[in-house]
Amino acid sequence: MVRINLEIDGFPITAIVDTGAEFSIISKSLAEKCGIIQKLDSRFQVETQGLGGDSQALGKIFDVELEFSGHFLPVVLTVFEEFCLGCDLIIGVDILTAYNADIDLKYKWVTFNGKLKVRMV
């Protein structure tokens, strides 16, 4: 799996980059740790289906900033009670597409907008 380090409101996180995930998700517990859970908009509760089975999203958090070494990307994250991939944050195709991400497995970089290079861990 492709993993990258980032921060949300100063809280360090290792996220999975998942080209098979339609949208980006965060666990409720991580959203609480980062201090962004109060921004949860529960009008966006949706049923999802994936490898782990069916799940119910708690809603979305708008205006989240992912920080990579002083560079910020504003994103929207869908919140779930929990999910079991060994990670509390998944960067999905929504963010990857919005920021024209390039995943370079040979040199172990994820590049956003052709400029911001993030080293895989």
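Please read these numbers as outputs of a predicted model, since none were measured by experiment.

Chemist: Account for the side chain of T111, with residues named and values stated.
Modeler: The topology assignment puts T111 in strand 10 (residues 109–112). Assessed through its relative accessible area of 10%, T111 is described here as buried. Beyond its immediate stretch of four places on either side in the chain, T111 contacts N100, A101, D102, L116 and K117.

Chemist: Could you give me a rundown of the sheet that holds strand 11 (residues 116–119), with the residues and numbers involved?
Modeler: Strand order in the open sheet made by the 3 strands is 9-10-11, with antiparallel pairing throughout. Pairing within the sheet leaves two strands with one partner each, and these edge strands are strand 9 (102–104) and strand 11. Pairwise comparison of adjacent strand axes, ignoring direction, gives a mean angle of 20° for this sheet.

Chemist: Please provide a residue-by-residue account of the pairing of strand 10, values included.
Modeler: Both strand 9 and strand 10 contribute to a ladder of 3 bridges, which runs antiparallel. Bridged to I103 within strand 10 is V110. Between strand 9 and strand 10, which follow one another and run antiparallel, lie 4 residues, and K108 among them has a positive phi close to 65°. Looking at chain direction, strand 10 and strand 11 are connected through 4 bridges and run antiparallel. Bridge pairing in strand 11 links V110 to V118.

The rules behind each value
- Residues numbered from 1 in each chain as written.
- Predicted model: local features only at pLDDT ≥ 70, side-chain atom pairs only at ≥ 80, totals over all residues.
- Heavy atoms only, no water.
- Helix = DSSP H or I, 4+ residues; strand = E, 2+ residues; numbered from the N terminus.
- Buried < 20%, exposed > 50% of the residue type's maximum accessible area, 1.4 Å probe, protein only.
- Contact = heavy atoms within 4.5 Å.
- Pairing = 2+ DSSP bridges.
- Axes fitted to C-alpha atoms, helices over the stretch in contact; angles between N-to-C directions.

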